[in-house]
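This is what each chain is made of:
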Amino acid sequence: MGQIALNVAGREYQVGCRDGEEPKLRGLATMLERHADAAQRAARGSTERTLLYIALMIADELADREASAAGGQSATMLTQIAERLEMVASALEESPSNP
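The structure contained in this document is the topic of the report that follows.

Here is what the cut-offs are and how they apply
- Residues numbered from 1 in each chain as written.
- Predicted model: local features only at pLDDT ≥ 70, side-chain atom pairs only at ≥ 80, totals over all residues.
- Heavy atoms only, no water.
- Helix = DSSP H or I, 4+ residues; strand = E, 2+ residues; numbered from the N terminus.
- Rg over C-alpha atoms; globule rule 2.2 N^0.38 Å.
- Buried < 20%, exposed > 50% of the residue type's maximum accessible area, 1.4 Å probe, protein only.
- Pairing = 2+ DSSP bridges.
- Patch = residues over 30% accessible without salt bridge, like charges linked within 9 Å, V, L, I, M, F, W, Y side chains within 5 Å.
- Areas by Shrake-Rupley, 256 points an atom, 1.4 Å probe, with all protein chains shown as cover.
- Salt bridge = Lys/Arg side-chain N within 4 Å of Asp/Glu carboxyl O.
- Axes fitted to C-alpha atoms, helices over the stretch in contact; angles between N-to-C directions.
- Parallel < 35°, antiparallel > 145°, perpendicular 65-115°, else oblique.
- Left-handed = near helix turned anticlockwise from the far one by under 90°.
- Contact = heavy atoms within 4.5 Å.

**Quick word on the overall build of the protein chain**
(1) Moving on: Check the secondary structure of the protein chain and you find three helices and two strands.
(2) Moving on: For the protein chain, the α and β elements follow one another from N to C terminus as β-β-α-α-α.
(3) Moving on: Its C-alpha radius of gyration of 25 Å places the protein chain more than 25% over the 13 Å reference for a compact globule of 99 residues.
(4) Moving on: The C-alpha extent of the protein chain, read off along each of the three principal axes, is 80 × 35 × 15 Å.

As structure tokens, this is what we get:
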């Protein structure tokens with residue numbers, strides 16, 4: 001089992017990980033660090049609140065991405081339904097009328 005030191009919001013944390021996961025954890029810490037300045041200003045010096053605000057900012061980004069993905073899926077589904085309706089309408093126009 002590996003051990004890695006991660007710096008987030010000016011503090012160092014020792015984290016255990018499986019061997020080979022160190023690069024991934026460093027990347028995740030970099031993601032956290034992107035929000036550190038804003039979180040520290042909002043937390044006014046509280047380490048716990050800083051980490052909470054970082055977590056909330058990342059959760060907000062994730063929620064936005066999930067909503068965008070869901071919206072994209074809905075749009076794709078609507079497009080498919082519209083195409084099917086157009087095919088049905090075309091087929092009805094081409095078929096002979098019943099008297």
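**Examining the pairing of strand β1 (residues 2-8)**
(1) Moving on: Burial along β1 is one-sided: G2, I4, L6 and V8 are buried, and none of Q3, A5 and N7, which face the opposite way, are.
(2) Moving on: Two elements, β1 and strand β2 (residues 11-17), share seven bridges in a ladder whose sense is antiparallel. Residue pairing across strands places I4 opposite V15, the latter belonging to β2.
(3) Moving on: Linkage of β1 to β2, two consecutive antiparallel strands, is achieved through a turn of two residues, within which A9 is found at a positive phi near 55°.

**Points about a nonpolar patch on the surface**
(1) Moving on: Together, M77, L78, I81 and L85 give the surface a local cluster of nonpolar side chains, amounting to about 420 Å² of exposed area.
(2) Moving on: On the secondary structure map, M77 appears in helix α3 (residues 47-94).

**Focus: the pattern of salt bridges**
(1) Moving on: Counted according to the given criterion, the structure contains two salt bridges.
(2) Moving on: Among the salt bridges present, the one from R18 reaches E21, with a minimum N-O distance of 3.9 Å.
(3) Moving on: Classification of R18 by relative accessible area gives exposed; the value is 61%.
(4) Moving on: When the shortest N-O distance is used, the salt bridge between R34 and E61 registers 3.7 Å. Separated by 27 residues along the polypeptide, R34 in helix α1 (residues 22-34) and E61 in helix α3 bring together distant segments of the chain.
(5) Moving on: Judged by its relative accessible area of 53%, R34 falls in the exposed class.

**Details of the packing of helix α2 (residues 36-43) against α3**
(1) Moving on: Put simply, α2 and α3 touch, their axes get as near as 8 Å, and they point 130° apart. Relative to α3, the element α2 lies oblique. Of the two possible hands of crossing, α2 and α3 adopt the one that is right-handed. Facing α2, whose interface residues are A36, A38, A39, Q40, A42 and A43, α3 presents R49, T50, Y53, I54 and M57.

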